[in-house]
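# A look at the structure
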Protein chains: 2
Amino acid sequence: MGMHIRSGDGPAYTQELAAFLAGFRYEDLLAAVVQAARRGILDWLGCAFAAHRHPTLDKLLMALADNGSSNGASVLARHIRLSHTDAALVNGQMGHLLDYDDTHMAGVILHASSPVLAALFSAAEMRQVTGRDFIAAYVAGFEAGVRIGQAAPDHHPGGWHLTGTLGTFAAAAAVGKLLGLDAQKMTHALGIAGTQAAGMQQNRGTMCKSFHAGRAASNGLLAALLAEKGFDSSEEIVEGKRGFARIYSKQQALERLTQGLGDEWLIATNGHKPYACGVVLHPAIDAMIALRAQVGDGLDEVERVEIHVNPAVVTITGTVAPTTGLHSKFSIYHSAAVAMIDGAAGIAQYSDERAADPRVAALRDKITISVDESLRRDQARGRVVVKGGKVFETKVEHATGTADNPMSDDAIEKKFLANADGAVDAAKAADIVASAWRFDALEDVRDFIVKVN
Amino acid sequence: MGMHIRSGDGPAYTQELAAFLAGFRYEDLLAAVVQAARRGILDWLGCAFAAHRHPTLDKLLMALADNGSSNGASVLARHIRLSHTDAALVNGQMGHLLDYDDTHMAGVILHASSPVLAALFSAAEMRQVTGRDFIAAYVAGFEAGVRIGQAAPDHHPGGWHLTGTLGTFAAAAAVGKLLGLDAQKMTHALGIAGTQAAGMQQNRGTMCKSFHAGRAASNGLLAALLAEKGFDSSEEIVEGKRGFARIYSKQQALERLTQGLGDEWLIATNGHKPYACGVVLHPAIDAMIALRAQVGDGLDEVERVEIHVNPAVVTITGTVAPTTGLHSKFSIYHSAAVAMIDGAAGIAQYSDERAADPRVAALRDKITISVDESLRRDQARGRVVVKGGKVFETKVEHATGTADNPMSDDAIEKKFLANADGAVDAAKAADIVASAWRFDALEDVRDFIVKVN
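Keep in mind that this is a model prediction, so the values were computed, not measured. (Residues numbered from 1 in each chain as written. Chains lettered and ligands numbered in written order. Predicted model: local features only at pLDDT ≥ 70, side-chain atom pairs only at ≥ 80, totals over all residues. Heavy atoms only, no water.)

Let us now look at the overall build of chain A. Looking only at helices and strands, chain A features 19 helices and six strands. The C-alpha atoms of chain A give 22 Å as radius of gyration, which agrees with the globular expectation for 453 residues (22 Å, within 12%). Once the C-alpha set of chain A is aligned to its principal axes, its extents read approximately 80 × 45 × 40 Å. In chain A, buried positions account for 64% of the 453 residues. When contacts within chain A are restricted to residue pairs at least 6 apart in sequence, those whose partners lie at least 24 apart make up 75%. On chain A, roughly 15,300 Å² of surface is accessible, and the fraction owed to carbon and sulfur atoms is 51%. In chain A, the 43 positive side-chain charges and the 51 negative ones have mean positions that sit 2 Å from each other. (Helix = DSSP H or I, 4+ residues; strand = E, 2+ residues; numbered from the N terminus. Rg over C-alpha atoms; globule rule 2.2 N^0.38 Å. Buried < 20%, exposed > 50% of the residue type's maximum accessible area, 1.4 Å probe, protein only. Contact = heavy atoms within 4.5 Å. Areas by Shrake-Rupley, 256 points an atom, 1.4 Å probe, with all protein chains shown as cover. Lys, Arg positive; Asp, Glu negative; His and termini not counted. Charge placed at Lys NZ, Arg CZ, Asp CG, Glu CD.)

Here it is as structure tokens:
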């Protein structure tokens, strides 16, 4: 086209990032990186399974029912096939629907797996790909999404939903890696992805929020498929004068695009949610589960619960007496009470029934929340007084699921099994678990996909 | 969802606009508005036909070939069916590919028909719709797209490609109108559209530029289909604190969303391109065609051509001796020469062959371009001196195709027939013309669609 003149005179950041993404090999990955990928696959699938019958998803599927796209990839757990891009759209929204999916918090808050894995699973139904290639592609998605986000640091305060915007880049990079694009085509995949990047925080609290993840999956998948066929784009989509870091963000930190490539792998610092609510509640829930173990059989003897938390907890989740399941996700009182009664805060703990449960309400009334400015967002302190005056105390230094205190593999597996209940039978769920831990041994990822449909 | 609280305390602009879009009837439209729609349909189809074998489009179709979407709507003139959303994607890019499609220039520069008509034709293959309903829907698309653009006045300087961003709203509003959405659902269609709005100027000069129009068509179509099924969104997607006018633009002019609704119809001020090049060249081409008529048979006697133009012409299109067809679109010298020789500046005048044509080169060398600050962008003056010293002069006050000097219906028809050559045979082209001028008489728009495939 003769117009591919670079507008900047600085480093060719996007091209360098693309060259790295295109060039690294599965064999370059540390064991911990590969394990992070296996954990990510299992956890994300569970989150999608848990949402597979959600009414929002039914609306999306109704809208697509007459679209004439029925010969492509599988919608998870629904026994429906749509076009590859439409299946990526649905699965991406499904994975993010309950806001229970993994969260990367290194400077940007990104639910990378919903766009990336939804796109990858759709692409993997197009042709034979190995588990190793799939894992390398998944890793590439994190590198692109998180780094491009870090290069545009004002992007979240500017009003964008990062899982929509960055997710599009991440999905394109991942599928581009899966397709084996060279550096030039990978650059174009990022350029075609960026020009579709969207998702506004204005839509928080609506069905659009999780839709952003699906849109990102679908658009990123298409971007990579187009680049493969020679469709071109700007070669400086991030750093260009009218590039992503300029028009989606007031500030730029372009060096983050290439800094430490190959030394740090961003998927390794991915976070997994142990509880089906906002991360701000997690330290207090951790505290309650620890105290529950200390209290043992004396749960009915509890007279008083005191919890000290970071101020944000009360601001965001100060609801005292929630009346619905959705409402209860915004209640520190409900969350602490169910954590103490059940030793869990999964999807079952945030149902309409549990919000109205008299036993939960009774314990809720015994809870006092105090703000402590000295506590970080991943910290909490808890104190329980039981009949007779005996006192139990605990302090949470790093909430479970953060990079400093990751969920154990066992906990990831248990979370999956709870989430999968209702989507697949127990034998199938166990088979998926076993297969996910050996994902890199798959000769053809379609052998895995048949299990999850 | 319990979270649909309006963040602003000003007028509910988006809801008011949506209520108007949902509420007006075909019977409310002035004859000139309906005629503008008929002209728009015919002109847009021609522009799409002219691009239907473009290599960029082949790449897009190759990427979609394995997508598993084959039972929906028609790709224009290609005898291919894809899913409705994918067909809208392809047809939207096809319509905008040559940058020959209609251009609305009232404050925003928007190629509205490519996203809107591509989406509408796809939707019209889903169920029976009348020509009248289709025209009302087309009109709704212009109202939404242009008004939302005017409400975000810094949006183009900010780096966005408006046909991508505004086109998404426009396509959603149009399909929403076609589906008969009520005010509430129309509000959601706009909200779902806005959260997908994208397209960066960084991609000018690449295949992504026209792709933006297709993406807008496809995403807008899906937004309306989702809203129909009860999928929700923010109800203040434009004016909200994190809404479109805030995060895509530094300034807001929200009153433009509702000002004069029903009194002015924005499709009536749509512009059509008589020439297959940037609008900046059009006044000079007009001048040359007028002088050609004056010179008559004496074209070979021309000794000297002097053209006075607005300074922007030389800045943007100052190429003296272009070597390719694409390059010749950026040459005022080439454009003036072919206009004088052929009396036209259509697609045929911008081929590689004509760029290299010795007769064109010879006339080019006789042309002098002078900048005149007093000339507006839609003005030009021309002067021809022939052998023996006879002089012909002309001044163009408003270039053809602008709102102040629209192309005649006859000119629109001739442009269509030239564009359709190679896509459909002459009899079919004539049939399409006749049918487009009676578009509102169609009982089922599918009777028209069969003609254009």
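What follows covers the environment of Thr323(B). Locating Thr323(B) in the fold gives a position in the loop between α12 (311–317) and α13 (325–328). When the C-alpha atoms of Thr323(B) and Asp300(B) are compared, they prove to be 23 Å apart, with 23 residues separating the residues in sequence.

With that settled, consider the sheet that holds strand β6 (residues 391–396) of chain B. To summarise the sheet geometry, strands pair through backbone hydrogen bonds and adopt either a parallel or an antiparallel arrangement. All names here are of chain B. Here we have four strands laid out as an open sheet, ordered β4-β3-β5-β6, and mixed in their pairing. Because the sheet does not close on itself, it has two edges, and the strands there are β4 (367–371) and β6. Taken over all neighbouring pairs, the strand axes of this sheet differ in orientation by 15° on average, direction set aside. Contacting β3 (302–309), β5 (380–386) and β6, helix α11 (residues 282–295) runs over the sheet at an angle of about 145° to β6. (Pairing = 2+ DSSP bridges. Axes fitted to C-alpha atoms, helices over the stretch in contact; angles between N-to-C directions.)

To continue, consider unusual backbone geometry. Positive phi, close to 60°, is recorded for Ala77(A), a residue that is not glycine. One can find Ala77(A) in the loop between β1 (73–75) and β2 (80–82). One non-glycine residue, Asp99(B), adopts positive backbone phi at about 55°. Positionally, Asp99(B) belongs in the loop between α4 (84–96) and α5 (113–124).

Below, the discussion takes up the side chain of Thr165(B). With respect to the helices, strands and loops of the structure, Thr165(B) is situated in helix α7 (residues 162–178). Every residue in contact with Thr165(B), bar those within four places of it in the chain, is listed here: His155(B), Trp160(B), Ala197(B), Ala198(B), Gly199(B), Phe244(B) and Tyr248(B).

Okay, the relation of the copies chain B and chain A next. For the pair of chain copies, the relating transformation is a rotation about an axis with a translation along it. For the pair chain B and chain A, the relating rotation is 180°, the translation along its axis is 0.0 Å, and the fit reaches an RMSD of 0.0 Å. What the superposition gives is, in effect, a two-fold axis relating one chain to the other. Residues of chain B ranked by C-alpha distance from the rotation axis are headed by Ser69(B), positioned 2.1 Å from it. When the interface residues of chain B are mapped onto chain A, 100% of them again lie at the interface, so the same face is used by both copies. (Least-squares fit on C-alpha atoms with pLDDT ≥ 70 in both.)

This paragraph deals with the packing of aromatic side chains. For any pair of aromatic rings, geometry is given as the distance between the ring centres together with the angle between the planes. Residues and elements named next belong to chain B. The final tally for this structure, using the stated rule, is 31 aromatic pairs over all chains. With 5.0 Å between their ring centres and 80° between their planes, Phe169 and Phe244 make a pair best called edge-to-face. With Phe169 in helix α7 and Phe244 in helix α10 (residues 244–247), this residue pair connects regions lying 75 residues apart in the sequence. Like Phe244, Phe169 is buried. Over the aromatic face of Tyr100 sits the side chain of Lys415, whose NZ or CZ is 4.1 Å from the ring centroid. (Phe/Tyr/Trp six-rings, centres within 6.5 Å; stacked < 30°, edge-to-face > 60°. Lys NZ or Arg CZ within 6 Å of the ring centre and 35° of its normal.)

On the side of chain A, 69 residues touch chain B, which itself brings 69 residues to the contact. Buried area between chain B and chain A, both sides added, is near 5,500 Å², and the carbon and sulfur share of it is 62%. Inspection of the region where chain B meets chain A yields zero salt bridges. The set of elements that each furnish at least two residues to the side of chain B that touches chain A consists of α3 (55–65), α4, α8 (183–194), α9 (208–228) and α10 of chain B. When residues of the side of chain B that touches chain A are assigned to their parent elements, the largest contribution, eight residues, is made by α9(B). (Buried area = accessible area lost by both parts, 1.4 Å probe. Salt bridge = Lys/Arg side-chain N within 4 Å of Asp/Glu carboxyl O.)

Here we come to helix α1 (residues 13–23) of chain B. All names here are of chain B. Among all positions in α1, only Tyr13, Thr14, Leu17, Ala18, Phe20 and Leu21 are buried. Here the buried residues of α1 occupy an arc of 160° about the axis, which is enough to place them on one side. Contacts from the buried residues of α1 go to α6 (131–150), α7 and α8. (Arc of directions from axis to C-beta.)

Now for the confidence of the model for chain A. Fine structural detail should not be taken from predicted coordinates in areas where pLDDT scores are low. The pLDDT averaged across chain A works out to 94; a share of 98% of its residues lies at or above 70. This stretch, residues 1–5 of chain A, has a pLDDT under 50; its non-local contacts, to residues over four places away or in other chains, come to 10 contacts. (pLDDT = per-residue confidence, 0-100.)

Residues and elements named next belong to chain A. At their nearest, the axes of helix α7 (residues 162–178) and helix α9 (residues 208–228) sit 7 Å apart, and the two run at 35° to each other. Note that α7 runs across α9; the crossing there is right-handed. Between α7 and α9, the residues in contact are Thr163, Gly164, Gly167, Thr168, Ala171, Ala172, Val175 and Gly176 and His212, Ala213, Ala216, Ala217, Asn219, Gly220, Leu221, Ala223 and Ala224, respectively. Here the contact of α7 with α9 is built from residues that sort into nine nonpolar, eight polar and no charged. (Left-handed = near helix turned anticlockwise from the far one by under 90°. Nonpolar A, V, L, I, M, F, W, Y, C, P; charged D, E, K, R; others polar.)

In this structure the tally under the stated criterion is 50 salt bridges over all chains. The salt bridge involving Asp410(A) is made with Lys414(A); its shortest N-O contact spans 2.8 Å. In this pair, Asp410(A) and Lys414(A) are both assigned in helix α17 (residues 409–420), four residues apart and thus about one turn of the helix distant. Measuring nitrogen to oxygen at the nearest pair gives 2.9 Å for the salt bridge that ties Asp99(B) to Lys209(B). Here Asp99(B), found in the loop between α4 and α5, pairs with Lys209(B), found in helix α9; they are 110 residues apart in sequence, far enough to count as distant. In this structure, a network of salt bridges that share partners links the residues Glu143(A), Arg147(A), Arg256(A) and Glu264(A).

A cluster of nonpolar side chains, Met105(A), Ile109(A) and Val279(A), forms an exposed patch at the surface whose accessible area comes to about 250 Å². Relative to the elements of secondary structure, Met105(A) occurs in the loop between α4 (84–96) and α5 (113–124). (Patch = residues over 30% accessible without salt bridge, like charges linked within 9 Å, V, L, I, M, F, W, Y side chains within 5 Å.)

Residues and elements named next belong to chain A. Spatial strand order, β4-β3-β5-β6: four strands in an open sheet with mixed pairing. The sheet is open, and its two borders are formed by β4 (367–371) and β6 (391–396), each paired with just one other strand. Taken over all neighbouring pairs, the strand axes of this sheet differ in orientation by 15° on average, direction set aside. Sheet analysis places strand β3 (residues 302–309) next to β4, joined by five bridges and oriented parallel. Note on β4: the bridge partner recorded for Glu306 is Thr368. The strands touched by helix α11 (residues 282–295) are β3, β5 (380–386) and β6; relative to β6, the strand with the most contacts, the crossing angle is about 145°.

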